[in-house]
Amino acid sequence: MKRLHIHLSVNDLDKNIEFYSTLFGQPPSVKHDDYAKWMLDDPKVNFAISNRGAQTGLDHLGIQAENEAELSAIKQQLDATQTEIQEQKGAACCYSESDKYWVTDPQGIAWESFHTLKEIPTFNDKQSSSDGENPFACRPADTKKSSCCG
């Protein structure tokens, strides 16, 4: 079964972890100095926050597939939208390696469809740094936030 994915950029990670842990009634299933994720079953959602975005608020939405077959079915639906699709195979992002397809909806919101292959020890395949690291390193350049989402 697929899972809705929501990623928010926040300015105070600890305060938001406390808030969302209370709201969801459980601590994050993944927690790092710059990122936290809750894998909720009710509602079935992968909810993530990080302090890596250039702006706070909605970073992107997505659909997480449980396996390659589900991701392939999602890809067929994306093809039917006749929207440009950015493919990423084995992408290192959010402490995971995943196969992904990115699209941008008519409002300019980035949508990530993905299947997680394994966990990795870093946020992405670049060394973490607070001095100039691309906050959108996980996302293809043309799916960066538009003015609608900031």
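Source: prediction; values computed, not measured.

Novice: Give a description of the nonpolar core that names residues and reports values.
Specialist: Within the largest apolar cluster, 11 residues are counted, these being Leu 8, Val 10, Leu 13, Ile 17, Tyr 20, Ala 36, Trp 38, Leu 40, Val 45, Phe 47 and Ile 49. At the level of secondary structure, the elements contributing two or more residues to this core comprise helix 1 (13-24), strand 3 (35-41) and strand 4 (44-50). Not counting residues within four places of it along the chain, the set of residues in contact with Val 45 comprises Arg 3, Leu 4, Ile 6, Trp 38, Met 39 and Leu 40. Residues Ala 48, Tyr 95, Phe 123 and Cys 138 belong to the second largest nonpolar core, which totals eight residues.

Novice: So what about unusual backbone geometry? Which residues, and what values?
Specialist: For residues other than glycine, phi is negative in most cases, and the peptide bonds are mostly trans. Pro 43 follows Asp 42 through a cis peptide bond whose omega is 0 degrees. Of note, Tyr 95 is a non-glycine position whose phi angle comes to about 65 degrees, a positive value. Relative to the elements of secondary structure, Tyr 95 occurs in the loop between strand 6 (86-93) and strand 7 (96-104). With a relative accessible area of 8%, Tyr 95 lands in the buried category.

Novice: Give a detailed account of the sheet that holds strand 4, specifying residues and quantitative values.
Specialist: Ordered by their spatial adjacency, eight strands build an open sheet running 2-3-4-1-5-8-7-6, and the pairing between neighbours is mixed. Where the open sheet ends on each side, the last strands, each with one partner, are strand 2 (30-32) and strand 6. The sheet shows a mean angle of 25 degrees between the axes of neighbouring strands, direction not considered. The strands touched by helix 1 within the sheet are strand 1 (3-9), strand 2, strand 3 and strand 4, with strand 3 carrying the most contacts at an inclination of about 10 degrees.

Novice: Explain a negative patch on the surface to me, using residue names and the numbers behind them.
Specialist: Residues Asp 12, Asp 14, Glu 18 and Asp 33 make up a contiguous surface patch of negative charge. By the element assignment, Glu 18 lies in helix 1. Exposure remark for Glu 18: the relative accessible area of 58% places this residue in the exposed category.

Novice: Please provide a residue-by-residue account of the state of the cysteines, values included.
Specialist: By definition, a disulfide links the sulfur atoms of two cysteines through a covalent bond. Per the counting criterion, the structure on display carries zero disulfides. As a non-bridged cysteine, Cys 94 has Cys 93 as the owner of its nearest cysteine sulfur, 3.4 Å distant. Among the residues examined, Cys 94 registers a relative accessible area of 14% and is labelled buried.

Rules behind the numbers
- Residues numbered from 1 in each chain as written.
- Predicted model: local features only at pLDDT ≥ 70, side-chain atom pairs only at ≥ 80, totals over all residues.
- Heavy atoms only, no water.
- Core = buried A, V, L, I, M, F, W, Y, C linked by side-chain atoms within 4.5 Å.
- Buried < 20%, exposed > 50% of the residue type's maximum accessible area, 1.4 Å probe, protein only.
- Helix = DSSP H or I, 4+ residues; strand = E, 2+ residues; numbered from the N terminus.
- Contact = heavy atoms within 4.5 Å.
- Pairing = 2+ DSSP bridges.
- Axes fitted to C-alpha atoms, helices over the stretch in contact; angles between N-to-C directions.
- Patch = residues over 30% accessible without salt bridge, like charges linked within 9 Å, V, L, I, M, F, W, Y side chains within 5 Å.
- Areas by Shrake-Rupley, 256 points an atom, 1.4 Å probe, with all protein chains shown as cover.
- Salt bridge = Lys/Arg side-chain N within 4 Å of Asp/Glu carboxyl O.
- Lys, Arg positive; Asp, Glu negative; His and termini not counted.
- Charge placed at Lys NZ, Arg CZ, Asp CG, Glu CD.
- Disulfide = S-S within 2.5 Å.

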